[in-house]
Amino acid sequence: GGDGGGATGSKEALARAPPAQRQKMEAKGGGGGGVGHAEKKDTRSAEEKVESVVAALDHFKVLGFEPPIWGENGKPEWLFTEKEVIKRFRGLSRFIHPDKCSHPKAAEAFEKINSAKKILTDTAQLEAYLDQYAKKNKEKMLRASSA
């Protein structure tokens, strides 16, 4: 828990979602990045944030986003915007930047959020990462899409 929930640009995410996903998002109360969560305040300490980032296994989790789903078009879909990625990056960097956080893994955590931001905000890199992610996680994504 405490991963920051969904997106803030819910109207934009909802508008871009395929029809079946849009229905799920609306039923759950909004367009929060494909999962329908309202963004909640992250109350974890800087140390907890560092540990969470270091433990994250993919760029989506690094920044506290829900992972992509398997879209109706047979491809992975991730409904967050570049603006939302940058907002999450800035929010985390305020706490875990090595100049502000004394945790021994702060530098490693900061490198991970910086790398995640670069990949998730570059269209070509994001597409390649989504393809790579889908190859590794197709079964999990299919289950999440049908939930």
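Residues numbered from 1 in each chain as written. Predicted model: local features only at pLDDT ≥ 70, side-chain atom pairs only at ≥ 80, totals over all residues. Heavy atoms only, no water.

J.: Which parts of the structure should I look at to understand the overall build of the chain?
T.: Helix and strand content of the chain: seven helices and two strands. In the chain, the order of α-helices and β-strands from amino to carboxyl end is α-α-α-α-β-β-α-α-α. Within the span of the chain, comprising 147 residues, buried residues form 46% of the whole. Counting only contacts in the chain whose residues sit at least 6 apart along the sequence, the fraction spanning at least 24 positions is 64%. Only carbon and sulfur atoms are counted for the fraction: they give 51% of the accessible area of the chain, which is about 8300 Å². (Helix = DSSP H or I, 4+ residues; strand = E, 2+ residues; numbered from the N terminus. Buried < 20%, exposed > 50% of the residue type's maximum accessible area, 1.4 Å probe, protein only. Contact = heavy atoms within 4.5 Å. Areas by Shrake-Rupley, 256 points an atom, 1.4 Å probe, with all protein chains shown as cover.)

J.: Please clarify how the nonpolar core should be interpreted in this entry.
T.: Side chains of a nonpolar character, in soluble globular proteins, are inclined to be buried together. Of all hydrophobic cores here, the largest spans 30 residues; its most connected members are F60, L63, W78, I113 and L120. Sorting the residues of this core by element identifies α3 (46-55), α4 (59-62), α5 (82-96), α6 (106-121) and α7 (123-146) as the ones contributing at least two each. The element that contributes the greatest number of residues to this core is α6, accounting for seven residues. Those residues within four positions of I113 in sequence are excluded, and the remaining contacts are V53, V62, L63, F89, L92, S93 and I96. (Core = buried A, V, L, I, M, F, W, Y, C linked by side-chain atoms within 4.5 Å.)

J.: Explain α5 here, please?
T.: In an α-helix, one turn spans 3.6 residues, which is why side chains three or four residues apart end up on the same side. Helix length check: α5, at 15 residues, gives a terminal C-alpha distance of 21 Å against a target of 21 Å (1.5 Å per residue), a fit within 8%. By the burial criterion, the buried members of α5 are E84, V85, R88, F89, G91, L92, S93 and I96. (Expected span 1.5 Å × (residues − 1).)

J.: Is there a simple way to explain the packing of α3 against α5 in this structure?
T.: In a pair of packed helices, the angle between the axes and the distance between the axes together describe the arrangement. Where α3 contacts α5, the two axes come as close as 9 Å, and the packing angle between them is 120°. Considering their axes alone, α3 and α5 lie oblique with respect to each other. When you trace α3 past α5, the crossing you get is left-handed. Across the interface between the two elements, A46, K49, V50 and V53 from α3 touch L92, F95 and I96 from α5. Per-class residue counts for the contact of α3 with α5 are six nonpolar, no polar and one charged. (Axes fitted to C-alpha atoms, helices over the stretch in contact; angles between N-to-C directions. Parallel < 35°, antiparallel > 145°, perpendicular 65-115°, else oblique. Left-handed = near helix turned anticlockwise from the far one by under 90°. Nonpolar A, V, L, I, M, F, W, Y, C, P; charged D, E, K, R; others polar.)

J.: How should the side chain of H59 be read in this particular structure?
T.: In this fold, H59 is placed in helix α4. A relative accessible area of 14% means that H59 is categorised as buried. Other than its neighbours up to four places away in sequence, H59 contacts S115, A116, I119, L120 and Y129.

J.: Could you clarify how one ought to interpret the packing of aromatic side chains in this entry?
T.: The geometry of an aromatic ring pair comes down to the distance between the two centres and the angle between the two planes. This structure, assessed with the given rule, holds seven aromatic pairs. Ring centres of F60 and W78 lie 5.1 Å apart, and the angle between their planes is 50°; this geometry places the pair in the tilted category. Placement of F60 in helix α4 and of W78 in the loop between β2 (76-77) and α5 is noted, with a sequence separation of 18 residues between them. The residues F60 and W78 share a single accessibility class, namely buried. The ring of F95 is capped by K49, whose NZ or CZ atom sits 3.5 Å from the centre of that ring. Above the ring of F89, the side-chain terminus of K117 is found at 4.8 Å from the ring centroid. (Phe/Tyr/Trp six-rings, centres within 6.5 Å; stacked < 30°, edge-to-face > 60°. Lys NZ or Arg CZ within 6 Å of the ring centre and 35° of its normal.)

J.: Teacher, can you tell me more about the confidence of the model for the chain here?
T.: Low pLDDT means the predicted coordinates in that region are not meant to be read closely. In this model, the chain carries an average pLDDT of 78, and 71% of its residues clear a pLDDT of 70 or more. Confidence, expressed as mean pLDDT per element, reaches its minimum in the chain at helix α2 (residues 19-27) with 46 and its maximum at α6 with 97. With pLDDT under 50 throughout, residues 1-14 is counted as low confidence; its partners more than four residues away or in other chains account for 41 contacts. In the model, residues 18-38 has pLDDT below 50 throughout and makes 45 contacts with residues more than four positions away in sequence or in other chains. (pLDDT = per-residue confidence, 0-100.)

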